Amino acid sequence: MAKLAVRGGPPLRPQGYPEWPVHDERDVEAVAMAVRSGRWGGFPEPGPLAAELSTRFAAYQGAGHGVAMCNGTVTMEVALKALGIGWGDEVVVPALTFSATPYAAMTAGALPVFCDVVPDTLTIDPDQVEAAVTPRTRAIMPVHLGHQMADMDRIMEIARRHSLAVVEDCAHAPGQRWRGQGAGSIGDFGSFSHQSYKILTSGEGGSLLTDDEDLARRAHSLIDCGRPKDAAEKEYTFGANYRLSELQAALLLVALERFPAQQAERAENARRFQELAARIPGVRPLPPDGRITRWSFYCYVLLIEPEAFAGARNGPVCGALQAEGVGCWAGYPPMSRYDLFQPSLSRLPVAVAHAARLDPARMSFPVAERLALRQTVYLDENVFRAGRRGVEDAVEALAKIQRHATELNGHGA
Ligand SMILES: Cc1ncc(COP(=O)(O)O)c(C=O)c1O
């Protein structure tokens, strides 16, 4: 009789994990108040709740200014446009991220130039960034992936030396700090997503942070159909409607109140998880970079050795974990697997115009490819919000799958 839940056996954690998003009467009341106020939209920009959110979130991350907008993809597009980056420019992006990061560069008109990642953190490899810089390079977009942060010491040093801008993709990293500095407050801009699964959510939404008042003013204008944000500016500039609604801002203000306690809980439980998971042969948790001084994360990324799971790769192992009641997924594919960036397949003009630089034959990212296609397991945030027992069960589920891994044979291994 099968032991693994994925093959019909009893699940190890049938009760699953706490729901996300967390909500209670405070959220309902905050939205009700926004509804009763009659001020629903984001125009005039910013709305009072969006302005309050931006101030409070920027302060939480340690940045001077915040600009709330409709998602965490346009935040990056707006950041690049505010920096004056566009046609003919190159932007350096990691080969392992969500498609939104390079897509944002392309919508700004720039060419994303991909670099492989380092195996211990799965974030952009600074040596490769250095090698990728050309006279056309204008910006680096490090992504703080999973529970790690990109090596901001090296990234900022390279950026300074080559006069490049830095736009941090912090969709996974609200609350993280690097040597005491908040994620998104280190580069010229920090971009955050408030989409449903992210740890500071209003269903959809995004925040852009910066210390530069002038850049913040330009971002406000770009998301408000180009309206001037300064008495000196009389004409409309270039822009579209990327505003955040007041209903979403109301939800985010409540979410921000809950955030510090959730962050501390996840960090504490993840430390325990790492200790326990490291004892299973063929399971490799990746301890956070020692320069991360406040730990906060959207998902925890660990590596499995398929050889220790009867040859099963991350996809089937994640399927088995889910069936045991542990939320997870195998993660992003490497950029070499995205059709969007293959010039012969992409319909985007920027890809066609830069076909030579986007030639799939040149797209080889051995680390991202090896890890993403065989080894990465992204554990959901709620695994770390169910006390010690929650992480012990996740570890036991991994051990159980390993013990009975032969049951996975022939199922996509
Ligand atoms: C790394 C990363 N960057 C950017 C985004 C885009 O955010 P959004 O879905 O809010 O546009 C996401 C998530 O969806 C993400 O995971």
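Parameters at a glance
Residues numbered from 1 in each chain as written. Predicted model: local features only at pLDDT ≥ 70, side-chain atom pairs only at ≥ 80, totals over all residues. Heavy atoms only, no water. Pairing = 2+ DSSP bridges. Helix = DSSP H or I, 4+ residues; strand = E, 2+ residues; numbered from the N terminus. Axes fitted to C-alpha atoms, helices over the stretch in contact; angles between N-to-C directions. Contact = heavy atoms within 4.5 Å. Buried < 20%, exposed > 50% of the residue type's maximum accessible area, 1.4 Å probe, protein only. Core = buried A, V, L, I, M, F, W, Y, C linked by side-chain atoms within 4.5 Å. Near = heavy atom within 4 Å. Polar contact = N/O pair within 3.5 Å; in protein donor to acceptor, adjacent residues only side chain to side chain. Areas by Shrake-Rupley, 256 points an atom, 1.4 Å probe, with all protein chains shown as cover. Nonpolar A, V, L, I, M, F, W, Y, C, P; charged D, E, K, R; others polar. Salt bridge = Lys/Arg side-chain N within 4 Å of Asp/Glu carboxyl O.

## What to know about the sheet that holds strand E3 (residues 111-115)
Thinking step 1. What the 7 strands build is an open sheet, ordered E1-E9-E8-E5-E4-E2-E3; its pairing is mixed. Edge positions in the sheet fall to strand E1 (65-69) and E3, since each of these pairs with one other strand and no more. Each strand of the sheet is rotated relative to its neighbour by a mean of 25 degrees, with strand direction disregarded.
Thinking step 2. Note that E1 and strand E9 (residues 206-210) share 5 bridges and pair antiparallel. The partner of Ala68 across the bridge, within E9, is Ser207.
Thinking step 3. Along the sheet, helix H2 (residues 48-61) makes contact with E1, strand E8 (189-193) and E9, crossing E1 at roughly 130 degrees.
Thinking step 4. Relative to E3, helix H4 (residues 100-107) is tilted by about 150 degrees, and along the sheet it contacts strand E2 (90-94), E3 and strand E5 (165-169).

## Here's the deal with the environment of Asn382
Thinking step 1. Here Asn382 lies in the loop between strand E14 (376-380) and helix H12 (387-403).
Thinking step 2. In this structure Asn382 comes out as buried when scored by relative accessible area, which is 14%.
Thinking step 3. Distance in space between the C-alpha atoms of Asn382 and Gly187 is 29 Å, their sequence separation being 195 residues.
Thinking step 4. For Asn382, the residues in contact, after removing those within four places along its chain, are Tyr17 and Pro18.

## A closer look at the nonpolar core
Thinking step 1. Core analysis: the largest hydrophobic core is formed by 130 residues, its most contacted members being Phe273 and Leu379.
Thinking step 2. Take this core: its biggest share by element is 11 residues, from helix H8 (residues 246-277).
Thinking step 3. Not counting chain neighbours up to four residues away, the residues in contact with Leu379 comprise Phe273, Cys299, Tyr300, Leu302, Leu321, Val326, Gly327, Cys328 and Phe384.

## Quick notes on the sheet that holds strand E6 (residues 177-178)
Thinking step 1. In space, the 3 strands of this open sheet follow the order E7-E6-E11, with antiparallel pairing throughout. Strands with a single pairing partner mark the edges of an open sheet, and in this sheet they are strand E7 (181-182) and strand E11 (292-294).
Thinking step 2. In this sheet, E11 lies alongside E6 in antiparallel orientation, the contact comprising 2 bridges. Bridge pairing in E11 places Arg177 opposite Arg294.

## A closer look at the site of the ligand
Thinking step 1. Neighbouring the ligand are 16 residues, the closest being Thr73, Asp169, Ser193, Lys198 and Tyr332.
Thinking step 2. A distance of 2.8 Å separates an oxygen atom of the ligand from a polar atom in the backbone of Gly72.
Thinking step 3. Computed on the free molecule, the ligand has an accessible area of 380 Å², of which 92% lies beneath the protein chains in the complex.
Thinking step 4. Of the residues assigned to the shell around the ligand, the class counts are 6 nonpolar, 8 polar and 2 charged.

## What about the side chain of Gln375?
Thinking step 1. When you line up the elements, Gln375 lands in the loop between helix H11 (366-374) and E14.
Thinking step 2. You can call Gln375 buried: its relative accessible area is 5%.

## Regarding the pattern of salt bridges
Thinking step 1. Within this structure, the stated rule accounts for 33 salt bridges.
Thinking step 2. Across the salt bridge formed by Arg56 and Glu52, the nearest N and O atoms sit 3.1 Å from each other. Taken together, the residues Arg56 and Glu52, both in helix H2 and 4 residues apart, mark about one turn of the helix.
Thinking step 3. Since its relative accessible area comes to 30%, Arg56 is described here as partly exposed.
Thinking step 4. With relative accessibility at 35%, the residue Glu52 sits in the partly exposed group.
Thinking step 5. Arg154 serves as the salt-bridge partner of Asp127, at 2.9 Å between the closest nitrogen and oxygen. You can see Asp127 sitting in helix H5 (residues 126-132) and its partner Arg154 sitting in helix H6 (residues 152-162), a full 27 residues away along the chain.
Thinking step 6. For Arg154, a relative accessible area of 30% corresponds to the partly exposed category.

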